[in-house]
Structure formats: structure tokens, C-alpha cells
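One letter stands for each residue in the lines below.
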Amino acid sequence: DSTTGSASDCQPCPCPGGSSCAVVPRTKEVVCTNCPLGTTGKRCELCDDGYFGDPLGADGAPRPCRICECSNNIDPNAVGNCDRLTGECLKCIYNTGGFYCDRCQDGFYGNPLAQNPDIKCRACSCNQYGTVKGQSGCNQVTGQCECLPHVTERDCSACEPGFYNLLSGGGCERCDCHPLGSTN
Amino acid sequence: VRPDVAPLPPGTHLLFVQSGKIEHVPLEGNSMKKSDAKTLLHIPDKVIIGVSYDCVDKTVYWTDITGPSISRASINGGEPTAIIKTELGSPEGIAVDHLGRNIFWTDSVLNTIEVAKLDGSNRRILFDTDLENPRGIVADALKGNLYWTDWNRVAPKIETSYMDGTNRRILVKDDLGLPNGLTIDAYSSMLCWVDAGTKRMECMNPSQPARRKIVEGIQYPFGITSYGKNIFYTDWKRDSIVAIDRTISKENDNFQPPKRSRLYGITTAYSQCPQGQNYCAVN
């Protein structure tokens with residue numbers, strides 16, 4: 001209050017880097033009006049949307065606000081891409097998931113860090129007849145589905161040589177061909 | 001934390017969202033009284049995205065993606081109240097139908113368009129199919145139509161339906177990029193939108209296929225609203241509100257708040273509700 005006429009009328013703003021502040025008329029509360037880039041809050045204690053950190057160290061050591069780190073697997077046109085405090089990625093795309101969008105979602109496999117979005121994370125698409133019942137997922141990296149006995153291929157879509165009847169749903173059965181009458 | 005609520009002075013204002021705040025700039029004639037810009041609401045622990053205004057009860061409505069929630073407060077200094085708190089993903093665009101006394105909103109995680117009464121009751125999902133990144137939404141109260149954008153990068157579109165959810169149709173799908181916001185230009189009754197992909201502002205009469213480019217080469221538009229002969233949009237690159245005079249298709253003003261960060265939703269808080277005569281006078 002600069003109108004009282006004493007030496008202590010004007011006090012420095014309690015804001016980072018000497019940035020400006022204002023007094024809310026009704027509540028007399030001091031609010032920072034020009035928080036540094038990426039920060040917000042009454043005392044610049046929070047990170048803006050699209051940034052994460054803990055600039056004043058409200059919960060442990062101070063961590064300056066940084067842009068969301070989500071493995072290039074977020075869309076810059078989206079809002080709320082990461083948690084403002086922890087940085088947990090909230091809007092992973094290209095079928096990625098995990099804290100940093102650095103894993104494939106369940107039911108997908110591949111390399112979530114690949115440059116080309118088309119080959120990042122592809123659907124497991126496990127063959128319904130050749131795969132162990134109730135298993136729709138696959139190995140995160142190789143995409144190998146969990147095959148029934150004597151079933152082969154990444155997606156469990158074929159019988160091993162010398163076996164047949166994938167459609168039985170219980171694994172492939174031995175051909176039992178007579179060695180003398182068969183070509184292989 | 002008790003948020004600050006500063007009453008809105010008389011007159012018509014732009015309301016816009018920046019960094020957990022809803023700010024207002026008075027409108028005088030066709031220009032922004034930038035020196036009188038002030039904070040209406042400061043809720044720093046929330047990330048506010050969309051804003052809309054009910055001219056009947058003089059109440060501001062907003063979406064918050066951190067709650068997530070949909071809340072409202074009287075502009076005469078009322079306490080903010082959450083009216084929807086459950087079953088929300090990422091509520092973004094919000095539109096008040098001041099005649100039907102309803103709110104409509106988009107949710108880009110649930111991929112829905114929903115409706116409820118102004119107090120949050122009678123909530124209903126209008127659409128939950130063929131939506132990927134629904135964002136901007138506007139209600140044409142006098143005609144009973146709803147319009148929204150979907151910035152799905154594979155197939156962006158602008159859609160419409162009646163307010164009861166019937167007669168859903170795609171209005172625009174060609175030559176779109178990231179249609180982030182749309183509004184009804186009260187001056188011309190045209191549907192106008194901003195696109196951060198094509199970098200354009202365009203308008204059309206919703207009942208005719210012809211489109212009209214208003215401006216090209218804009219930077220990164222997000223929200224849009226209109227007042228008088230101006231269309232105002234928020235820009236993520238310029239951290240500003242940009243005013244476009246639609247009669248001459250030229251930028252004629254801009255406002256950059258002292259705090260540099262992205263601006264989100266924007267709406268016009270009319271001192272009086274636009275009555276039927278607005279549309280009847282034009283037609």
C-alpha cells in the first residue's frame with residue numbers, strides 16, 4: 001500500500017526473478033502476475049500445462065518446470081499431455097503407453113521409440129485358434145503370441161512341420177503319415 | 001485454496017483462459033480496452049481449457065482437465081462451483097444454450113459430446129461414436145443447432161446436429177488440418193472456425209456448401225469468438241488474442257497479456273442476451 005506514507009509501504013514481490021505481482025483488492029492477497037516461462041500459480045509454485053516439475057520444491061528438492069517428456073509419442077495439439085507435478089505422460093498416441101509413452105500398450109508390440117509412427121506399436125493380432133485361451137497379448141518387443149502345442153509363427157497361425165489341424169483349438173496334431181508312403 | 005473472484009464491471013467483455021485463470025478484457029465499440037484487462041477468476045491448481053457464458057444468469061462456465069470437472073461462477077463475484085465431477089476424461093470445449101438452459105461439452109479422452117442442464121443435472125451422452133479428438137463446440141440457441149470440431153489428424157471434420165442429438169451430419173471434411181475452435185458470428189450468422197493445421201480462419205453458411213477464407217497464414221489458433229464486426233481468436237504461438245475485422249479480412253488489433261503462456265478458450269460475455277432480433281435483423 002503506497003498511500004500510507006511510510007518507508008515500508010512498498011515491499012518486493014515474493015515472486016521468482018523479481019517478476020511483478022499485484023494485490024487482490026478484496027482479499028489483500030499478493031499474487032504473482034508474470035511468472036517465468038512454464039510456471040504459474042499465486043507464487044509461481046506450479047508448472048503450466050505442457051510442463052512438469054516442482055519449481056519451489058513443495059515436495060522434495062525443487063525441480064524447474066520442463067516441457068513434457070513423452071518420447072515423441074504425444075500430439076503437440078493436445079492439452080494436458082503430462083502431469084504437471086510428476087511428468088507422467090497422460091495422452092500417449094500411436095498405441096504407446098507407460099509413464100513416458102515408452103512402451104507399447106497391452107495387445108501391441110514393436111519399438112515405441114522408432115521414428116516412423118507406422119512401425120512403432122502394432123497390434124498383436126494373435127490367431128484365435130493357435131493361441132493359448134484367454135491370451136490376447138504378446139511379447140512387447142518381438143510380438144510373439146503364446147502358442148498352443150506344436151503351433152508356430154509369431155501370431156500362432158500355423159502348425160509345425162509334420163503337424164495339422166490348427167482349427168481344433170487345442171494345438172496341432174501329429175500327421176502320423178507312414179514314412180514309406182509319404183513324400184516328406 | 002480459495003480462488004479470487006473479481007466482479008465483472010458492466011458492459012460486454014471478452015473472457016479468455018490463460019494458465020488457470022479466466023481473464024476479461026472490456027469491449028468498447030469494436031476495440032479491446034486492453035488497459036482494463038483483469039482477472040475474473042484465478043484457480044492456479046486447475047488447468048482450465050474451455051469457457052462459455054450464460055448471458056441470462058450472468059454466469060461463466062468452464063472445463064478443467066485436471067479435476068477433471070465442469071464448473072461455474074457468477075460474474076458478480078460468486079463462488080466457483082463444480083457442477084460435473086464424475087465420468088470425465090478431458091473435457092475441453094463448452095457451450096451454453098441460454099434459451100434451452102443447457103450446457104454442451106466435448107471430451108477428448110472419452111470421445112463424447114455430452115449435454116446437461118446448467119446445474120449439471122439431467123446429464124446425457126449425445127454422441128460417443130466417430131469421435132477422435134473432439135474440441136471446439138458452439139450452440140446456435142436461436143436455430144437449435146449444435147456444431148463441433150474434431151481435429152483427428154487422419155480425418156479432421158466439423159459436424160452438426162440438432163441440440164437433441166438428431167440429424168447428425170458432417171459439414172466440412174475436406175481441406176481441414178487441426179480445426180481447434182468454432183463460433184457463430186453474430187454479425188453474419190455464419191459458422192466460423194480457426195484451423196491450426198491449414199493456418200486459416202474460414203466461415204460458411206451452415207445451410208450452404210460454400211466456404212469463405214477470412215484470413216490465411218495465421219500462426220497457431222486455438223479458441224475463437226465474435227463481437228461486432230470482429231472475430232477474435234487465441235493464438236498459442238503469439239500468446240495473444242488476435243482481432244480480425246471480418247468485413248475487410250484483416251487483423252486490426254491484438255492483445256498480449258504480460259504473462260507469456262498459451263491462451264486457451266475465449267468467449268464473449270454480452271451485457272445483454274442477443275435476442276431473436278439479432279438474427280431477424282440480418283436476414
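To start, this report covers the structure provided alongside it. This is a predicted model, so every value here is computed, not measured.

A look at the overall build of chain B
Then, number 1: If you tally the helices and strands in chain B, you get one helix and 26 strands.
Then, number 2: Taken over C-alpha atoms, the radius of gyration comes to 17 Å for chain B, in line with the 19 Å a tight globule of 283 residues would show.
Then, number 3: If you line up chain B on its principal axes, its C-alpha atoms span 50 × 40 × 35 Å.
Then, number 4: Across the 283 residues in chain B, those meeting the buried criterion constitute 61%.
Then, number 5: Taking the contacts inside chain B whose residues are at least 6 apart along the sequence as the reference set, 44% of them involve residues at least 24 apart.
Then, number 6: Of the roughly 10,800 Å² of accessible surface on chain B, a fraction of 47% belongs to carbon and sulfur atoms.
Then, number 7: Both charge centroids of chain B, one from 33 positive and one from 33 negative side chains, sit 3 Å from each other.

Thoughts on the sheet that holds strand β6 (residues 48-54) of chain B
Residues and elements named next belong to chain B.
Then, number 1: If you trace the four strands from one edge of the open sheet to the other, you get β6-β7-β8-β9, paired in antiparallel fashion. Lying at the two open borders of the sheet, with one neighbouring strand each, are β6 and β9 (81-84). Within this sheet the neighbouring strands show an average axis-to-axis angle of 30°, counted without direction.

Notes on the pattern of salt bridges
All names here are of chain B.
Then, number 1: Considering all chains together, one arrives at 25 salt bridges over all chains under this definition.
Then, number 2: Of the charged contacts in the structure, one is a salt bridge between R200 and D175, with a shortest N-O distance of 3.4 Å. Here D175 lies in the loop between β17 (169-172) and β18 (179-185) and R200 lies in strand β20 (residues 200-204), a separation of 25 residues in the sequence.
Then, number 3: A residue is classified by how much of its surface remains accessible, and R200, at 12% relative accessible area, is buried.
Then, number 4: Here the salt bridges share partners, and the residues they tie into one network are D175, R200, E202, R211 and E216.

Considering the environment of I125 of chain B
Residues and elements named next belong to chain B.
Then, number 1: Structurally, the position occupied by I125 is in strand β13 (residues 124-127).
Then, number 2: Overall, the relative accessible area of 43% leaves I125 in the partly exposed class.
Then, number 3: Once the C-alpha coordinates of I125 and T66 are considered, the two residues, 59 residues apart in sequence, prove to be 21 Å apart.
Then, number 4: If near-sequence neighbours (up to four positions away) are discounted, I125 is found in contact with T112, I113 and E114.

Overview of the environment of T142 of chain A
Residue and element names in this part refer to chain A.
Then, number 1: Counting through the fold element by element, T142 comes out in the loop between β10 (121-123) and β11 (151-152).
Then, number 2: Along the chain, T142 and G57 lie 85 residues apart, while their C-alpha atoms are 41 Å from each other.
Then, number 3: The contacts of T142, once residues within four sequence positions are left out, are Y109 and R154.
Then, number 4: Here the side chain of T142 touches Q144 through a polar contact of 3.2 Å, landing on its backbone nitrogen.

With respect to the nonpolar core
Residues and elements named next belong to chain B.
Then, number 1: Of all hydrophobic cores here, the largest spans 29 residues; its most connected members are L15, I22, L40, L41, V60 and W62.
Then, number 2: For this core, the secondary-structure elements that each account for two or more residues are β2 (12-18), β5 (38-42), β6, β7 (59-64) and β26 (263-269).
Then, number 3: Looking at which element gives the most residues to this core, the answer is β6, with four residues.
Then, number 4: Among residues more than four places away in sequence, those in contact with L15 are L8, I22, E23, H24, L40, V51, Y53, V60, G265, I266, T267 and A269.
Then, number 5: Grouped together as the second largest cluster of nonpolar side chains are 13 residues, M201, Y233, V242 and I244 included.

As for the interface of chain B and chain A
Then, number 1: Contacts between the two partners involve 34 residues from chain B, matched on the other side by 25 residues from chain A.
Then, number 2: Summing both sides of the interface, chain B and chain A together bury roughly 2,100 Å²; the carbon and sulfur share of this comes to 44%.
Then, number 3: Scanning the region where chain B abuts chain A turns up four salt bridges.
Then, number 4: Taking the shortest distance from any N to any O, the salt bridge between R262 of chain B and D49 of chain A comes out at 3.2 Å.
Then, number 5: There are 15 residue pairs in polar contact (both at pLDDT 80 or more) connecting chain B and chain A.
Then, number 6: Partitioned by chemical class, the residues of the side of chain B that touches chain A number 16 nonpolar, eight polar and ten charged.

What counts, and where the lines are drawn
Residues numbered from 1 in each chain as written. Chains lettered and ligands numbered in written order. Predicted model: local features only at pLDDT ≥ 70, side-chain atom pairs only at ≥ 80, totals over all residues. Heavy atoms only, no water. Helix = DSSP H or I, 4+ residues; strand = E, 2+ residues; numbered from the N terminus. Rg over C-alpha atoms; globule rule 2.2 N^0.38 Å. Buried < 20%, exposed > 50% of the residue type's maximum accessible area, 1.4 Å probe, protein only. Contact = heavy atoms within 4.5 Å. Areas by Shrake-Rupley, 256 points an atom, 1.4 Å probe, with all protein chains shown as cover. Lys, Arg positive; Asp, Glu negative; His and termini not counted. Charge placed at Lys NZ, Arg CZ, Asp CG, Glu CD. Pairing = 2+ DSSP bridges. Axes fitted to C-alpha atoms, helices over the stretch in contact; angles between N-to-C directions. Salt bridge = Lys/Arg side-chain N within 4 Å of Asp/Glu carboxyl O. Polar contact = N/O pair within 3.5 Å; in protein donor to acceptor, adjacent residues only side chain to side chain. Core = buried A, V, L, I, M, F, W, Y, C linked by side-chain atoms within 4.5 Å. Buried area = accessible area lost by both parts, 1.4 Å probe. Nonpolar A, V, L, I, M, F, W, Y, C, P; charged D, E, K, R; others polar.

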